[in-house]
Amino acid sequence: VAPPLPDLIHAELRPYQIEGYHFLAYLTTNRFGGVLADDMGLGKTLQALAWIAWLRAAVLNPQPSTFNPSLVVCPKSVTDNWVSESARFYPSLRVRRWSGESTDALTAARAEADVIVVNYAQLRSLSPAIAKVSWQAVSLDEAQYIKNPDSQTAQAARALKADHRLALTGTPIENRLLDLWSIFSFSMPGVLGNRAEFLRRFNAQDDPLARRRLA
């Protein structure tokens, strides 16, 4: 799965960024969710924007009336980066940064925007109402924010309804292997089994082959 870069993306992607974009297209084509885990500074946002442009082209042609906007959830410190990089690399994309309005504003915002950017605290405050609407794609940036599967943030993320799910993170495993399970429980629920089975098979501290099996 190697589609050309959409014309709406105003950037020359480096070879590894093209590879990442093709990886995301491959996931979507096969109905997978996934994790893009490039190191910090390697352009995960640009790769995700290219993916969103490709998704929108596939959905909008020929029936734009069926189009749902996409949702980006990221740390508060990264929201400006999403807005500025979208304007730079994908200027025709209508991006709406959430300003902390009540859930009543969600319907109007979805009608006016192609992508809505919220931070993780706003995601919690918008739940459970935000889980009642459908998104074309949900992307979690700095997805290690949901590394604790019991946290309110992780529960709110898992409850979101989307045709496509993507996690972006340079550190998919920070402290324990369960971090990875929690991220995949959002992006591709069930692929790593349930929590108890995952811990039994892969997180055994006295089993030297457990991490190799997971890899």
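Since the structure is predicted, the reported quantities are computational estimates derived from the model, not experimental observations. (Residues numbered from 1 in each chain as written. Predicted model: local features only at pLDDT ≥ 70, side-chain atom pairs only at ≥ 80, totals over all residues. Heavy atoms only, no water.)

S.K.: Looking at this structure, how should I read the sheet that holds strand β4 (residues 115–119)?
M.R.: In any sheet, the strands associate via hydrogen bonds between backbone groups, in a parallel or an antiparallel arrangement. What the 6 strands build is an open sheet, ordered β1-β6-β5-β2-β4-β3; its pairing is parallel. Single-partner strands in this sheet number two, and they are β1 (34–36) and β3 (95–97). If you compare each strand with its neighbour and ignore which way they point, the axes differ by 25° on average. In terms of strand pairing, β1 meets strand β6 (residues 161–168) through 3 bridges, oriented parallel. Across the sheet, residue Val35 finds its bridge partner in β6, namely Ala167. Contacting β1 and β6, helix α1 (residues 15–29) crosses the sheet at an angle of about 175° to β1. Each of β2 (70–74), β3, β4, β5 (134–141) and β6 is contacted by helix α3 (residues 79–89), which is oriented at about 160° to β3, the strand it contacts most. (Pairing = 2+ DSSP bridges. Helix = DSSP H or I, 4+ residues; strand = E, 2+ residues; numbered from the N terminus. Axes fitted to C-alpha atoms, helices over the stretch in contact; angles between N-to-C directions. Contact = heavy atoms within 4.5 Å.)

S.K.: Honestly, a nonpolar patch on the surface in this entry has me stumped. Any pointers?
M.R.: Taken together, Val1, Phe23, Tyr26 and Phe32 make up a surface patch of nonpolar side chains, about 340 Å² in accessible area. The topology assignment puts Phe32 in the loop between α1 and β1. For Phe32, a relative accessible area of 33% gives the class partly exposed. (Patch = residues over 30% accessible without salt bridge, like charges linked within 9 Å, V, L, I, M, F, W, Y side chains within 5 Å. Areas by Shrake-Rupley, 256 points an atom, 1.4 Å probe, with all protein chains shown as cover. Salt bridge = Lys/Arg side-chain N within 4 Å of Asp/Glu carboxyl O. Buried < 20%, exposed > 50% of the residue type's maximum accessible area, 1.4 Å probe, protein only.)

S.K.: I would appreciate a short explanation of unusual backbone geometry in the present structure.
M.R.: Generally, phi is negative for residues other than glycine and the peptide bonds are trans, each holding for most cases. The step from Ser127 to Pro128 runs through a cis peptide bond, and the omega angle for that step is 5°. Counting through the fold element by element, Pro128 comes out in the loop between α5 (120–126) and β5. Even without glycine at this site, Arg31 takes up a positive phi of about 60°. Note that Arg31 resides in the loop between α1 and β1. The residue Glu142 is not glycine, and still its phi comes out positive at about 55°.

S.K.: Is there a simple way to explain the packing of aromatic side chains in this structure?
M.R.: Aromatic ring pairs: the centre-centre distance and the angle between the two ring planes describe each pair. Enumeration according to the criterion identifies 3 aromatic pairs in this entry. Judged by centre distance (6.1 Å) and plane angle (70°), the ring pair of Tyr26 and Phe32 falls under edge-to-face. Positioned above the aromatic ring of Trp135, the side-chain terminus of Arg110 is 4.7 Å from the ring centre. (Phe/Tyr/Trp six-rings, centres within 6.5 Å; stacked < 30°, edge-to-face > 60°. Lys NZ or Arg CZ within 6 Å of the ring centre and 35° of its normal.)

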